[in-house]
Amino acid sequence: MVVDSYSTDRTVEIAKEYTSFIIKREFDYPSSQKNWAIPQAGNQWILLVDADERVTPELKEEVLKVLQNPGKNGFVGYWIKRMNHFMGERIHYSGWRNDKVVRLFHRDECRYDDRHVHEEIVTEGKKVGILKNKFYHNTYTTFDAYINKLNKYATWQAEDYDKKTGNLTPYHFIVKPFWGFFKHYIIQSGFRDGVPGLVIGYVQWYAVFMRYVKLWLLRRDRK
């Protein structure tokens, strides 16, 4: 099943080579799009793959094996780790080392929480397993595209943080962005990833700073 957001490139044309199950919906934000698509799946178990992810041959074989008895041990879903790539390099540290997502799950037991950014599967306390093999994940195309993506995410995050953030102070604009850089580059050993690790640390600083700038603008324009 392919979910298309009325793309203007060759996405649908290429998808038709592999499936006739193509559905369309205007994109608002990720969790909304995914929660709309999930109940439309024809099978009880779903392997959800984002556009910037690839299923490796090893992961494919493991998923097929799990699907022979997917509910074993009462599991309603499975964590899948990701091999992250950025600026053409494999990232081993920088806070991305243990990155994992619930992407193999039971259609009727799981939904995404209603967040605009960094959405996660909610299983209502039910058991979730973990697979051994990983997704190939490359969220980077060009640096300009990545910065544009961060700006879009900052806009979405401003809406999420509006509900849980008090008055904005220098702490939000100075301390929290600096902590984002320090955590990823120093504490989580981003320096060991070379230039890409330094860039990740910087863009984490930028992303946090822009989150609160967008929140400030959101509140100002609402007055």
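Computed from a predicted model, the values in this text were never measured in an experiment.

Caption draft 1: Looking closely at the environment of lysine 183. Assignment of secondary structure puts lysine 183 in helix H5 (residues 170–187). Considered as a pair, lysine 183 and tryptophan 96 are 87 residues apart in the sequence and their alpha carbons are 12 Å apart.

Caption draft 2: Structural view of helix H2 (residues 30–37). In terms of burial, H2 is a largely internal element, six of the eight residues being buried. Among all positions of H2, only Pro30, Ser31, Ser32, Gln33, Lys34 and Ala37 are buried.

Caption draft 3: Fine view of the pattern of salt bridges. Across all of its chains, the model carries 15 salt bridges by this definition. Between aspartate 28 and arginine 25 there is a salt bridge, with its nearest N and O atoms 3.6 Å apart. The partner of arginine 219 in a salt bridge is aspartate 162, with the nearest N and O atoms 2.9 Å apart. With arginine 219 in helix H6 (residues 194–222) and aspartate 162 in helix H4 (residues 143–162), this pair connects stretches of sequence that are 57 residues apart. Neither arginine 219 nor aspartate 162 differs from the other in exposure class; each is buried. Bridged by salt links that share partners, the residues Lys34, Asp50, Glu53, Arg82, Asp99, Arg103 and Glu119 form one connected network.

Caption draft 4: Summary view of the nonpolar core. Formed by 14 residues in total, the largest nonpolar core has its most connected members in Phe86, Trp96, Tyr146, Leu150 and Val203. A per-element tally of this core places H6 first, with six residues. Once residues within four sequence positions are removed from consideration, valine 203 is found in contact with Phe143, Tyr146, Ile147 and Leu150. In this structure, Trp45, Val66, Val101 and Phe135 belong to the second largest nonpolar core, which totals eleven residues.

Caption draft 5: Seen up close, the environment of asparagine 138. Structurally, the position occupied by asparagine 138 is in strand E10 (residues 128–138). Linking asparagine 138 and aspartate 52, residues 86 residues apart in sequence, is a C-alpha distance of 5.6 Å. Beyond its immediate stretch of four places on either side in the chain, asparagine 138 contacts Asp52, His85 and Phe86. Of the polar contacts made by the side chain of asparagine 138, one reaches the backbone nitrogen of tyrosine 140; its length is 3.2 Å.

Caption draft 6: A look at the side chain of arginine 107. Among the secondary structure elements, arginine 107 is positioned in the loop between strand E7 (100–106) and strand E8 (111–112). Among the polar contacts made by the side chain of arginine 107, one reaches the main-chain carbonyl oxygen of alanine 41 at a distance of 3.1 Å. A polar side-chain atom of arginine 107 sits 2.9 Å from a polar atom in the side chain of aspartate 108. Setting aside anything within four residues of it in sequence, one finds arginine 107 in contact with Ile38, Pro39, Ala41, Gly42, Asn43, Gln44 and Ile46.

Caption draft 7: Representation of the pairing of strand E5 (residues 77–86) within the structure. Within E5, seven of the ten residues are buried, which leaves the element mostly enclosed by the surrounding structure. Relative to E7, E5 is paired through five bridges, and the arrangement is antiparallel. Pairing of glycine 77 across the sheet is with phenylalanine 105, part of E7. Of the pairings in the sheet, the one linking E5 to E10 comprises eight bridges and is parallel in character. What sits directly across from tyrosine 78, in E10, is glycine 129.

Conventions used here
Residues numbered from 1 in each chain as written. Predicted model: local features only at pLDDT ≥ 70, side-chain atom pairs only at ≥ 80, totals over all residues. Heavy atoms only, no water. Helix = DSSP H or I, 4+ residues; strand = E, 2+ residues; numbered from the N terminus. Buried < 20%, exposed > 50% of the residue type's maximum accessible area, 1.4 Å probe, protein only. Salt bridge = Lys/Arg side-chain N within 4 Å of Asp/Glu carboxyl O. Core = buried A, V, L, I, M, F, W, Y, C linked by side-chain atoms within 4.5 Å. Contact = heavy atoms within 4.5 Å. Polar contact = N/O pair within 3.5 Å; in protein donor to acceptor, adjacent residues only side chain to side chain. Pairing = 2+ DSSP bridges.

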